[in-house]
Amino acid sequence: AERKVTDTLTVGKGPETMVKTGNNVIVANSGGWDADSTLTVIDATTDQVTGQIAVPKIPLDMALDGSEKLWVYCKGLATYSWDPPYGLISQTDAVLVRVNPADGTTEWQAMVGKAGDYTATPPKLAISRFGDKLFYLRPDGVYMIDTENPVKPDLPIIEGSFYGIEAGASDDMIYLFGGSFSGNGTMQVYDQSGTLRGEGTVGIAPNGAAFSTY
C-alpha cells in the first residue's frame, strides 16, 4: 500500500517522546535547537490538539505508571560557549515530575541534578512491568523510585555509566545499554536488587529496546 502523509498537527518545539493514555496522545516538546517546557495533548479520536501541560524545561522522556500517572524527565536547559573548548555558561535544574494527565497538574517533583550533567548520559527512564517502580538514568547509575509513594533516592541501585534503559515487559529485570559510537555496544540485565544477571554484545551505540508481546 502507498504510504503518504494524510494530516499534520502543530505541537511545540522539538517534539520528542509520545505516550498514549486513554483517548489522548501526549507529546513531550524538548525544544529542539531552542527551548520548550510543555507537553501537547492530542485527542487521538479527532486528531486535534486539545491542550497543553506546563512542565520544567526540556522534557525528553515520559512513561505511564500503574496508576496511569505520567512521569516526565526534564533535562533542564544548558547553554554552552560557541567557541572552543565550548564550556558551560549556564544551566537550570534537571527535574523529574509526576503529572496527572487527566487535569495536567503536577503531583510530585524532585530535582535530579543539573542540565550539564547530561552531556554523555541521556535523561531516560523506564517503568516496571506492574507500574510500581520507576527507574531513571543519572551519570553515576540507575536510580529507583516507588511510583505510589515517591521519595528521591540518595544512591543508585546500579552504579555505572549507561546510554539507555528499559524495564522488562514480562519480567522484573532492568535492561541497560552502553558502549561507544565506533563499535559494538553491550546490553546488561540486572534484577531490581542491582545484581547483574546476564550480558551480551549488541550493535553500535545502543540506547533502548522493544519487547515482543507475542
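Here, every reference points to the structure presented above.
Everything numeric in this text was worked out from a predicted model, so none of it was measured. (Residues numbered from 1 in each chain as written. Predicted model: local features only at pLDDT ≥ 70, side-chain atom pairs only at ≥ 80, totals over all residues. Heavy atoms only, no water.)

Draft legend 1. Summary view of the pattern of salt bridges. Here the structure, examined in full by the defined rule, presents eight salt bridges. K13 is the salt-bridge partner of D34, the closest N and O atoms lying 2.8 Å from each other. Residue D34 is located in the loop between β2 (24-29) and β3 (38-43), and its partner K13 is located in the segment before β1 (15-21); the two are separated by 21 residues in the primary sequence. With relative accessibility at 45%, the residue D34 sits in the partly exposed group. Overall, K13 belongs to the partly exposed group, its relative accessible area being 41%. (Salt bridge = Lys/Arg side-chain N within 4 Å of Asp/Glu carboxyl O. Helix = DSSP H or I, 4+ residues; strand = E, 2+ residues; numbered from the N terminus. Buried < 20%, exposed > 50% of the residue type's maximum accessible area, 1.4 Å probe, protein only.)

Draft legend 2. Quick look at the packing of aromatic side chains. Summed over all chains, the structure comprises six aromatic pairs. Considering the side-chain rings of W71 and W108, the 5.6 Å spacing of their centres and the 55° angle between planes classify their relative orientation as tilted. Of this pair, W71 sits in strand β6 (residues 70-74) while W108 is found in strand β10 (residues 105-114), placing the two residues 37 residues apart along the sequence. By the burial criterion, W71 is buried, and W108 matches it. Taken together, a centroid distance of 5.2 Å and an interplanar angle of 65° make the contact between Y175 and F211 edge-to-face. Of the two residues, Y175 sits in strand β16 (residues 174-178) while F211 sits in the segment after β18 (196-204), which places them 36 residues apart along the sequence. (Phe/Tyr/Trp six-rings, centres within 6.5 Å; stacked < 30°, edge-to-face > 60°.)

Function cannot be read off these values alone, since they describe shape.
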